[in-house]
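This is what each chain is made of:
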Amino acid sequence: MPVEPSPPDARSRELFARARQVLVGGVNSPVRAMRGIGRDPLFIDRAEGAHVWDADGTRYVDFLASWGPAITGHADPLVIGDVRDALPRGTSYGAPTEREVLFAEAVVEAFPSIERLRMTSSGSEAVMGAVRLARAATGREAIVKAEGGYHGAVDGLLAQAGSGATTLGVPTSPGVTAGATAATRLVPYNDLAAAEAAIEGAAAIIIEPIAGNMGVVPPAPGYLEGLRAACDRTGALLILDEVITGFRVARGGAQELFGVRADLTVLGKIIGGGLPVGAFGGRAEVMSELAPDGPCYQAGTLSGNPLATTAGLAVMCRLAAPGTYERLEEGGARLEQVIRDSGAPVTINRVGSMLTPFLTDRPVTDYAGATACDTALYAAIARGLLARGVYPPPSQFEAWFVSTAHRDDDFSVLTTALAGALDEAGA
Ligand SMILES: *Cc1c(COP(=O)(O)O)cnc(C)c1O
(Lines give C-alpha, C1' and ligand atoms only; values in the text may rest on other atoms or scores of the structure.)
Protein backbone atom coordinates (compact mmCIF):
# COMPACT_ATOMS: atom_id res chain seq x y z
CA MET A 1 0.00 0.00 0.00
CA PRO A 2 1.39 3.44 -0.89
CA VAL A 3 2.28 5.53 2.14
CA GLU A 4 0.56 8.94 2.33
CA PRO A 5 3.24 11.65 2.10
CA SER A 6 3.29 13.55 5.40
CA PRO A 7 2.19 17.18 5.07
CA PRO A 8 4.99 19.79 5.11
CA ASP A 9 3.69 21.09 8.43
CA ALA A 10 3.33 17.69 10.09
CA ARG A 11 5.24 18.64 13.23
CA SER A 12 3.23 21.87 13.67
CA ARG A 13 0.01 19.87 13.35
CA GLU A 14 1.17 17.41 15.95
CA LEU A 15 2.19 20.21 18.32
CA PHE A 16 -1.08 22.04 17.76
CA ALA A 17 -3.06 18.92 18.65
CA ARG A 18 -1.11 18.66 21.90
CA ALA A 19 -1.29 22.41 22.55
CA ARG A 20 -5.07 22.34 22.35
CA GLN A 21 -5.16 19.86 25.22
CA VAL A 22 -3.36 22.25 27.55
CA LEU A 23 -3.58 25.81 26.16
CA VAL A 24 -6.88 27.51 25.34
CA GLY A 25 -7.31 27.27 21.59
CA GLY A 26 -3.75 25.97 21.49
CA VAL A 27 -2.29 29.49 21.78
CA ASN A 28 -1.42 32.23 24.25
CA SER A 29 -2.82 35.13 22.21
CA PRO A 30 -5.92 34.65 20.03
CA VAL A 31 -4.83 35.89 16.60
CA ARG A 32 -1.87 33.49 16.61
CA ALA A 33 -4.35 30.66 16.07
CA MET A 34 -4.61 31.90 12.43
CA ARG A 35 -8.36 31.41 12.36
CA GLY A 36 -8.60 34.75 10.54
CA ILE A 37 -6.93 33.14 7.54
CA GLY A 38 -8.61 29.77 7.95
CA ARG A 39 -5.71 27.51 8.80
CA ASP A 40 -3.90 26.11 11.81
CA PRO A 41 -0.86 27.89 13.22
CA LEU A 42 2.75 27.10 12.44
CA PHE A 43 4.89 26.43 15.48
CA ILE A 44 8.10 28.42 15.33
CA ASP A 45 11.35 26.83 16.27
CA ARG A 46 13.85 29.65 15.73
CA ALA A 47 14.38 32.99 14.04
CA GLU A 48 17.31 34.92 12.68
CA GLY A 49 17.48 38.15 10.70
CA ALA A 50 14.46 38.44 8.40
CA HIS A 51 13.59 34.75 8.72
CA VAL A 52 11.70 32.35 10.95
CA TRP A 53 11.87 28.55 10.81
CA ASP A 54 8.93 26.37 11.77
CA ALA A 55 9.02 23.12 13.71
CA ASP A 56 9.35 21.17 10.44
CA GLY A 57 12.44 23.14 9.49
CA THR A 58 10.79 25.23 6.77
CA ARG A 59 12.17 28.76 6.40
CA TYR A 60 9.90 31.78 5.93
CA VAL A 61 10.66 35.38 5.02
CA ASP A 62 9.04 37.10 7.97
CA PHE A 63 6.88 40.22 7.57
CA LEU A 64 5.22 39.83 10.98
CA ALA A 65 8.35 40.68 12.98
CA SER A 66 6.75 39.38 16.18
CA TRP A 67 4.02 42.02 15.61
CA GLY A 68 6.62 44.78 15.50
CA PRO A 69 9.47 44.30 17.96
CA ALA A 70 11.94 42.64 15.55
CA ILE A 71 12.89 45.92 13.83
CA THR A 72 16.59 45.10 13.58
CA GLY A 73 15.88 41.50 12.61
CA HIS A 74 15.50 38.43 14.79
CA ALA A 75 18.31 37.35 17.09
CA ASP A 76 20.19 40.59 16.45
CA PRO A 77 23.76 39.73 17.55
CA LEU A 78 23.99 42.94 19.57
CA VAL A 79 20.81 42.11 21.50
CA ILE A 80 21.77 38.46 21.97
CA GLY A 81 25.27 39.39 23.11
CA ASP A 82 24.11 41.96 25.66
CA VAL A 83 21.40 39.67 27.03
CA ARG A 84 23.91 36.82 27.25
CA ASP A 85 26.27 39.06 29.24
CA ALA A 86 23.40 40.14 31.49
CA LEU A 87 22.09 36.65 32.22
CA PRO A 88 24.67 35.49 34.77
CA ARG A 89 24.04 38.67 36.77
CA GLY A 90 20.51 37.49 37.53
CA THR A 91 17.12 37.74 35.92
CA SER A 92 15.21 39.98 38.35
CA TYR A 93 15.94 41.90 41.55
CA GLY A 94 12.83 43.91 42.31
CA ALA A 95 15.16 46.86 42.98
CA PRO A 96 16.48 49.78 40.91
CA THR A 97 19.30 49.20 38.42
CA GLU A 98 21.73 51.36 36.47
CA ARG A 99 20.41 49.78 33.26
CA GLU A 100 16.91 51.11 33.75
CA VAL A 101 18.35 54.59 34.22
CA LEU A 102 20.22 54.24 30.93
CA PHE A 103 17.05 52.92 29.34
CA ALA A 104 14.92 55.83 30.58
CA GLU A 105 17.62 58.31 29.51
CA ALA A 106 17.53 56.85 25.98
CA VAL A 107 13.73 57.13 25.80
CA VAL A 108 13.67 60.66 27.24
CA GLU A 109 16.31 61.72 24.72
CA ALA A 110 14.29 60.28 21.83
CA PHE A 111 10.93 61.72 22.92
CA PRO A 112 11.02 65.43 23.84
CA SER A 113 7.48 65.13 25.28
CA ILE A 114 8.67 62.58 27.84
CA GLU A 115 10.39 63.97 30.93
CA ARG A 116 9.62 61.09 33.28
CA LEU A 117 9.08 57.44 32.42
CA ARG A 118 7.49 54.45 34.15
CA MET A 119 8.28 50.97 32.87
CA THR A 120 5.90 48.00 32.84
CA SER A 121 5.99 44.45 31.47
CA SER A 122 3.58 44.92 28.55
CA GLY A 123 1.96 47.58 26.41
CA SER A 124 -1.44 46.77 27.90
CA GLU A 125 -0.16 47.42 31.38
CA ALA A 126 1.39 50.71 30.28
CA VAL A 127 -1.93 51.78 28.74
CA MET A 128 -3.73 50.96 31.98
CA GLY A 129 -1.26 53.09 33.89
CA ALA A 130 -1.51 56.00 31.47
CA VAL A 131 -5.33 55.99 31.53
CA ARG A 132 -5.46 55.82 35.34
CA LEU A 133 -2.91 58.63 35.55
CA ALA A 134 -4.85 60.79 33.08
CA ARG A 135 -7.97 60.39 35.23
CA ALA A 136 -6.03 61.12 38.42
CA ALA A 137 -4.32 64.17 36.93
CA THR A 138 -7.50 65.73 35.51
CA GLY A 139 -10.05 64.60 38.07
CA ARG A 140 -12.25 63.49 35.14
CA GLU A 141 -13.38 60.04 34.09
CA ALA A 142 -14.27 59.88 30.41
CA ILE A 143 -11.73 58.52 27.91
CA VAL A 144 -12.16 59.02 24.17
CA LYS A 145 -10.89 56.30 21.85
CA ALA A 146 -11.18 55.53 18.16
CA GLU A 147 -13.22 52.70 16.72
CA GLY A 148 -10.80 50.02 15.66
CA GLY A 149 -8.10 51.50 17.88
CA TYR A 150 -6.40 48.80 19.94
CA HIS A 151 -4.73 49.63 23.20
CA GLY A 152 -4.14 46.20 24.63
CA ALA A 153 -6.40 43.84 26.52
CA VAL A 154 -7.57 46.65 28.81
CA ASP A 155 -11.17 46.33 30.09
CA GLY A 156 -12.16 49.96 29.72
CA LEU A 157 -10.81 50.15 26.18
CA LEU A 158 -12.27 46.89 24.87
CA ALA A 159 -15.07 48.86 23.32
CA GLN A 160 -15.29 49.52 19.64
CA ALA A 161 -18.63 48.09 18.62
CA GLY A 162 -21.42 50.32 17.42
CA SER A 163 -22.01 52.75 14.62
CA GLY A 164 -20.09 55.93 14.03
CA ALA A 165 -22.77 57.77 15.94
CA THR A 166 -22.20 55.81 19.12
CA THR A 167 -20.62 57.92 21.76
CA LEU A 168 -20.97 55.65 24.77
CA GLY A 169 -18.78 52.58 24.86
CA VAL A 170 -20.38 49.16 24.67
CA PRO A 171 -18.13 46.29 25.79
CA THR A 172 -16.81 44.18 22.89
CA SER A 173 -16.04 41.21 25.12
CA PRO A 174 -18.16 39.33 27.62
CA GLY A 175 -16.61 39.68 31.04
CA VAL A 176 -16.04 43.40 30.57
CA THR A 177 -18.63 45.14 32.72
CA ALA A 178 -20.82 47.88 31.30
CA GLY A 179 -19.38 49.98 34.10
CA ALA A 180 -15.84 49.46 32.84
CA THR A 181 -16.67 50.99 29.45
CA ALA A 182 -19.38 53.43 30.58
CA ALA A 183 -16.82 56.24 30.60
CA THR A 184 -15.34 55.24 27.22
CA ARG A 185 -16.42 57.41 24.29
CA LEU A 186 -15.97 56.06 20.78
CA VAL A 187 -15.25 58.14 17.71
CA PRO A 188 -14.38 57.16 14.15
CA TYR A 189 -10.65 57.41 13.42
CA ASN A 190 -9.70 60.50 11.40
CA ASP A 191 -13.00 62.27 12.20
CA LEU A 192 -11.79 65.44 13.90
CA ALA A 193 -15.24 66.97 14.46
CA ALA A 194 -16.42 63.85 16.27
CA ALA A 195 -13.31 63.84 18.45
CA GLU A 196 -13.64 67.55 19.23
CA ALA A 197 -17.18 66.96 20.48
CA ALA A 198 -16.30 63.84 22.46
CA ILE A 199 -13.25 65.43 24.14
CA GLU A 200 -15.45 67.96 26.02
CA GLY A 201 -15.17 67.13 29.71
CA ALA A 202 -13.04 64.04 29.08
CA ALA A 203 -9.88 63.12 30.97
CA ALA A 204 -8.08 62.13 27.79
CA ILE A 205 -8.19 60.89 24.26
CA ILE A 206 -6.06 57.82 23.63
CA ILE A 207 -5.15 57.31 20.01
CA GLU A 208 -2.68 55.43 17.83
CA PRO A 209 -1.05 58.33 15.97
CA ILE A 210 -0.79 55.97 13.00
CA ALA A 211 -3.42 53.27 13.44
CA GLY A 212 -1.84 49.84 13.25
CA ASN A 213 -4.44 47.49 14.61
CA MET A 214 -7.15 47.93 11.99
CA GLY A 215 -4.37 47.59 9.49
CA VAL A 216 -2.20 50.64 8.88
CA VAL A 217 -4.26 53.84 8.67
CA PRO A 218 -2.26 57.07 8.71
CA PRO A 219 -3.71 60.18 10.32
CA ALA A 220 -5.36 62.58 7.88
CA PRO A 221 -3.47 65.87 7.44
CA GLY A 222 -4.29 68.07 10.42
CA TYR A 223 -5.96 65.30 12.44
CA LEU A 224 -3.32 64.95 15.16
CA GLU A 225 -2.77 68.72 15.27
CA GLY A 226 -6.53 69.14 15.65
CA LEU A 227 -6.62 66.67 18.52
CA ARG A 228 -3.76 68.56 20.18
CA ALA A 229 -5.69 71.83 19.88
CA ALA A 230 -8.92 70.26 21.18
CA CYS A 231 -7.05 68.90 24.20
CA ASP A 232 -5.46 72.30 24.87
CA ARG A 233 -8.88 73.94 24.69
CA THR A 234 -10.64 71.48 27.01
CA GLY A 235 -7.86 70.46 29.39
CA ALA A 236 -8.06 66.82 28.31
CA LEU A 237 -4.77 64.96 27.93
CA LEU A 238 -3.55 63.69 24.57
CA ILE A 239 -2.35 60.10 25.06
CA LEU A 240 -0.46 58.88 22.01
CA ASP A 241 -0.30 55.09 22.00
CA GLU A 242 3.02 54.61 20.22
CA VAL A 243 3.40 50.95 21.17
CA ILE A 244 3.85 50.16 17.46
CA THR A 245 5.07 53.51 16.09
CA GLY A 246 7.58 54.42 18.80
CA PHE A 247 11.12 53.95 17.37
CA ARG A 248 9.41 52.46 14.25
CA VAL A 249 8.48 55.42 12.02
CA ALA A 250 11.15 57.67 13.54
CA ARG A 251 13.30 57.45 16.63
CA GLY A 252 10.87 59.77 18.38
CA GLY A 253 7.86 57.93 16.95
CA ALA A 254 4.91 59.41 15.11
CA GLN A 255 5.06 62.51 17.28
CA GLU A 256 8.47 63.29 15.79
CA LEU A 257 7.29 62.45 12.28
CA PHE A 258 4.20 64.67 12.48
CA GLY A 259 5.51 67.29 14.90
CA VAL A 260 2.80 66.75 17.50
CA ARG A 261 3.40 66.85 21.26
CA ALA A 262 1.74 64.23 23.43
CA ASP A 263 0.85 64.74 27.08
CA LEU A 264 1.37 61.06 27.73
CA THR A 265 3.07 58.54 25.45
CA VAL A 266 2.71 54.78 25.65
CA LEU A 267 5.52 52.57 24.36
CA GLY A 268 6.12 48.83 24.07
CA LYS A 269 7.10 46.22 21.48
CA ILE A 270 10.37 47.61 19.97
CA ILE A 271 11.69 48.99 23.26
CA GLY A 272 11.83 45.48 24.71
CA GLY A 273 13.96 43.97 21.96
CA GLY A 274 11.61 40.97 21.95
CA LEU A 275 11.39 40.64 25.72
CA PRO A 276 8.21 41.56 27.59
CA VAL A 277 8.05 45.32 28.09
CA GLY A 278 5.96 48.47 28.10
CA ALA A 279 6.43 52.02 29.32
CA PHE A 280 4.57 55.29 29.58
CA GLY A 281 5.80 58.78 30.14
CA GLY A 282 5.11 62.47 29.85
CA ARG A 283 5.70 65.82 31.46
CA ALA A 284 7.21 65.67 34.95
CA GLU A 285 4.28 67.60 36.41
CA VAL A 286 1.72 65.04 35.16
CA MET A 287 3.86 61.98 35.85
CA SER A 288 4.48 63.12 39.44
CA GLU A 289 0.86 62.21 40.23
CA LEU A 290 2.12 58.60 40.18
CA ALA A 291 3.21 56.79 43.33
CA PRO A 292 5.60 57.18 45.08
CA ASP A 293 5.62 60.93 44.22
CA GLY A 294 1.84 61.18 44.05
CA PRO A 295 -1.31 59.31 45.03
CA CYS A 296 -2.05 57.47 41.75
CA TYR A 297 -1.03 53.85 42.25
CA GLN A 298 0.88 51.87 39.66
CA ALA A 299 3.32 49.02 40.22
CA GLY A 300 4.83 45.84 38.79
CA THR A 301 7.01 43.05 40.20
CA LEU A 302 8.97 42.65 36.95
CA SER A 303 8.82 46.31 35.83
CA GLY A 304 12.23 47.44 34.61
CA ASN A 305 13.29 43.82 34.40
CA PRO A 306 17.06 43.70 33.82
CA LEU A 307 16.89 41.40 30.79
CA ALA A 308 14.08 43.32 29.06
CA THR A 309 15.86 46.57 29.81
CA THR A 310 19.13 45.22 28.43
CA ALA A 311 17.52 43.96 25.23
CA GLY A 312 15.60 47.22 24.73
CA LEU A 313 18.71 49.32 25.29
CA ALA A 314 20.60 47.28 22.69
CA VAL A 315 17.85 47.84 20.10
CA MET A 316 17.61 51.55 20.84
CA CYS A 317 21.38 51.73 20.48
CA ARG A 318 21.28 49.85 17.17
CA LEU A 319 18.54 52.15 15.86
CA ALA A 320 20.67 55.20 16.63
CA ALA A 321 23.09 54.26 13.83
CA PRO A 322 23.06 56.89 11.05
CA GLY A 323 20.91 55.96 8.08
CA THR A 324 18.72 53.46 9.96
CA TYR A 325 15.42 55.19 9.27
CA GLU A 326 16.34 55.87 5.65
CA ARG A 327 17.00 52.16 5.32
CA LEU A 328 13.68 51.24 6.94
CA GLU A 329 11.92 53.66 4.57
CA GLU A 330 13.66 52.02 1.59
CA GLY A 331 12.60 48.59 2.83
CA GLY A 332 9.02 49.74 3.25
CA ALA A 333 9.01 51.30 -0.23
CA ARG A 334 10.43 48.11 -1.65
CA LEU A 335 7.73 45.98 -0.02
CA GLU A 336 5.06 48.37 -1.32
CA GLN A 337 6.52 48.17 -4.84
CA VAL A 338 6.62 44.37 -4.84
CA ILE A 339 2.97 44.21 -3.78
CA ARG A 340 1.96 46.83 -6.38
CA ASP A 341 3.88 45.09 -9.16
CA SER A 342 2.10 41.82 -8.34
CA GLY A 343 -1.13 43.33 -9.59
CA ALA A 344 -2.94 42.39 -6.36
CA PRO A 345 -6.25 44.29 -6.13
CA VAL A 346 -5.19 46.36 -3.12
CA THR A 347 -5.11 49.78 -1.57
CA ILE A 348 -1.77 50.07 0.17
CA ASN A 349 -1.42 52.23 3.28
CA ARG A 350 2.18 52.70 4.31
CA VAL A 351 4.21 54.82 6.68
CA GLY A 352 7.92 53.97 6.53
CA SER A 353 8.45 50.32 7.36
CA MET A 354 4.83 49.56 8.36
CA LEU A 355 2.24 48.80 5.72
CA THR A 356 -1.09 47.12 5.08
CA PRO A 357 -2.31 45.95 1.68
CA PHE A 358 -6.10 46.27 2.02
CA LEU A 359 -8.07 44.08 -0.38
CA THR A 360 -10.24 46.91 -1.69
CA ASP A 361 -10.10 49.53 -4.42
CA ARG A 362 -11.25 52.27 -2.03
CA PRO A 363 -9.13 54.45 0.23
CA VAL A 364 -9.04 53.19 3.82
CA THR A 365 -9.13 56.01 6.36
CA ASP A 366 -11.00 54.45 9.27
CA TYR A 367 -12.31 51.22 10.80
CA ALA A 368 -15.41 51.13 8.62
CA GLY A 369 -13.21 51.29 5.53
CA ALA A 370 -10.86 48.62 6.86
CA THR A 371 -13.65 46.21 7.70
CA ALA A 372 -15.19 46.65 4.24
CA CYS A 373 -12.23 44.79 2.70
CA ASP A 374 -12.31 41.32 1.16
CA THR A 375 -11.02 39.37 4.15
CA ALA A 376 -11.68 36.01 2.45
CA LEU A 377 -9.36 36.97 -0.38
CA TYR A 378 -6.74 38.18 2.09
CA ALA A 379 -7.00 34.83 3.86
CA ALA A 380 -6.53 32.89 0.62
CA ILE A 381 -3.50 34.97 -0.34
CA ALA A 382 -1.97 34.69 3.14
CA ARG A 383 -2.38 30.89 3.08
CA GLY A 384 -0.78 30.82 -0.35
CA LEU A 385 2.17 32.89 0.88
CA LEU A 386 2.73 30.61 3.86
CA ALA A 387 2.79 27.63 1.50
CA ARG A 388 5.51 29.43 -0.49
CA GLY A 389 7.90 30.47 2.26
CA VAL A 390 6.57 33.90 3.22
CA TYR A 391 5.08 34.68 6.65
CA PRO A 392 2.55 37.54 6.41
CA PRO A 393 0.40 38.83 9.30
CA PRO A 394 -2.38 36.23 9.72
CA SER A 395 -5.13 38.86 9.46
CA GLN A 396 -6.18 41.65 7.09
CA PHE A 397 -6.28 44.02 10.06
CA GLU A 398 -2.61 43.94 10.97
CA ALA A 399 0.53 45.71 9.85
CA TRP A 400 3.28 44.14 7.75
CA PHE A 401 6.70 45.15 9.07
CA VAL A 402 10.05 45.45 7.32
CA SER A 403 13.22 45.26 9.41
CA THR A 404 16.76 46.40 8.69
CA ALA A 405 17.54 42.70 8.07
CA HIS A 406 15.40 42.26 4.93
CA ARG A 407 17.56 41.83 1.81
CA ASP A 408 17.08 41.68 -1.98
CA ASP A 409 16.67 37.91 -1.82
CA ASP A 410 13.81 38.25 0.63
CA PHE A 411 11.89 40.55 -1.68
CA SER A 412 12.58 38.16 -4.58
CA VAL A 413 11.08 35.31 -2.57
CA LEU A 414 8.04 37.49 -1.91
CA THR A 415 7.68 38.42 -5.58
CA THR A 416 7.55 34.78 -6.62
CA ALA A 417 5.38 33.68 -3.70
CA LEU A 418 2.90 36.49 -4.30
CA ALA A 419 2.53 35.61 -7.98
CA GLY A 420 1.79 32.00 -7.05
CA ALA A 421 -0.54 32.90 -4.19
CA LEU A 422 -2.54 35.38 -6.30
CA ASP A 423 -2.83 32.88 -9.12
CA GLU A 424 -4.05 30.18 -6.75
CA ALA A 425 -6.51 32.56 -5.10
CA GLY A 426 -7.86 33.51 -8.52
CA ALA A 427 -7.10 37.19 -7.89
C1 LIG B 1 0.44 45.69 20.90
C2 LIG B 1 -0.25 46.94 21.30
C3 LIG B 1 -0.65 47.19 22.63
C4 LIG B 1 -0.55 46.15 23.71
O5 LIG B 1 0.76 45.78 24.00
P6 LIG B 1 1.00 44.34 24.68
O7 LIG B 1 2.47 44.32 24.94
O8 LIG B 1 0.53 43.32 23.69
O9 LIG B 1 0.19 44.31 25.93
C10 LIG B 1 -1.17 48.43 22.94
N11 LIG B 1 -1.32 49.38 21.99
C12 LIG B 1 -0.96 49.17 20.72
C13 LIG B 1 -1.11 50.28 19.73
C14 LIG B 1 -0.44 47.94 20.32
O15 LIG B 1 -0.14 47.73 19.03
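Cut-off values and rules
- Residues numbered from 1 in each chain as written.
- Predicted model: local features only at pLDDT ≥ 70, side-chain atom pairs only at ≥ 80, totals over all residues.
- Heavy atoms only, no water.
- Pairing = 2+ DSSP bridges.
- Helix = DSSP H or I, 4+ residues; strand = E, 2+ residues; numbered from the N terminus.
- Contact = heavy atoms within 4.5 Å.
- Axes fitted to C-alpha atoms, helices over the stretch in contact; angles between N-to-C directions.
- Buried < 20%, exposed > 50% of the residue type's maximum accessible area, 1.4 Å probe, protein only.
- Domains from an automatic or database assignment.
- Buried area = accessible area lost by both parts, 1.4 Å probe.
- Salt bridge = Lys/Arg side-chain N within 4 Å of Asp/Glu carboxyl O.
- Polar contact = N/O pair within 3.5 Å; in protein donor to acceptor, adjacent residues only side chain to side chain.

**Description of the sheet that holds strand β13 (residues 390-391)**
Pairing in this open sheet of four strands is mixed, and the strands run β1-β2-β3-β13 from one edge to the other. The outermost strands of the open sheet, each flanked by one partner alone, are β1 (44-48) and β13. Relative to strand β2 (residues 51-54), β1 is paired through four bridges, and the arrangement is antiparallel. Its bridge partner lying in β2, Ala 47 is registered against Val 52. Against the sheet, helix α14 (residues 408-425) touches β2, β3 (59-62) and β13, its axis set at about 100 degrees to β3.

**Details of the pairing of β2**
Every second residue of β2 is oriented toward a common face, with His 51 and Trp 53 on one face and Val 52 and Asp 54 on the other, all of them buried. Taking the residues that link successive antiparallel strands as the turn, the β1-β2 hairpin has two residues, and the phi of Gly 49 there is positive, at about 60 degrees. Bridge count for β2 against β3 is three bridges, and the pairing is antiparallel. By the bridge assignment, Trp 53 is partnered in β3 with Arg 59.

**Re unusual backbone geometry**
Comment: phi is negative for the bulk of residues other than glycine, and the bulk of peptide bonds are trans. The residue after Ala 291, namely Pro 292, is reached through a cis peptide bond having omega 10 degrees. Mapped onto the fold, Pro 292 is located in the loop between α9 (284-287) and α10 (306-319). Positive phi, normally seen in glycine, also occurs at Ala 65, with a value near 55 degrees. With respect to the helices and strands, Ala 65 occurs in the loop between β3 and α2 (77-86).

**Focus on the sheet that holds strand β8 (residues 237-241)**
Reading across the sheet, the seven strands line up as β4-β10-β9-β8-β7-β5-β6 and stay open at both edges, with mixed pairing between neighbours. With one partner strand each, in any of the chains shown, β4 (116-120) and β6 (184-187) form the two edges of the open sheet. Between one strand axis and the next, the sheet turns by 20 degrees as a mean value, whatever way the strands run. As paired strands, strand β9 (residues 264-268) and strand β10 (residues 278-282) are joined by five bridges and run antiparallel to one another. Bridge assignment links Leu 264 to a residue of β10, and that residue is Gly 282. Contacts from helix α6 (residues 192-199) reach β5 (143-146), β6 and β7 (204-207), with the element oriented near 165 degrees to β6.

**Some remarks on the domain arrangement of the protein chain**
Per the domain assignment, the segments of the protein chain are domain 1 (10-63 + 323-425) and domain 2 (77-319). Spacing between the C-alpha centres of domain 1 and domain 2 amounts to 26 Å. The interface is formed by 21 residues belonging to domain 1 together with 24 residues belonging to domain 2. In total, about 1700 Å² of surface goes out of reach between domain 1 and domain 2, with carbon and sulfur atoms giving 64% of it. In terms of surface lost to domain 2, no three residues of domain 1 exceed Tyr 325, Met 354 and Tyr 367, which account for 38% of the buried area on that side. Inspection of the domain 1/domain 2 interface yields zero salt bridges. In this assembly, domain 1 and domain 2 are joined by eight residue pairs in polar contact (both at pLDDT 80 or more). Elements that contribute at least two residues to the side of domain 1 that touches domain 2 include exactly α11 (324-341), β11 (347-351), β12 (354-358) and α12 (367-371).

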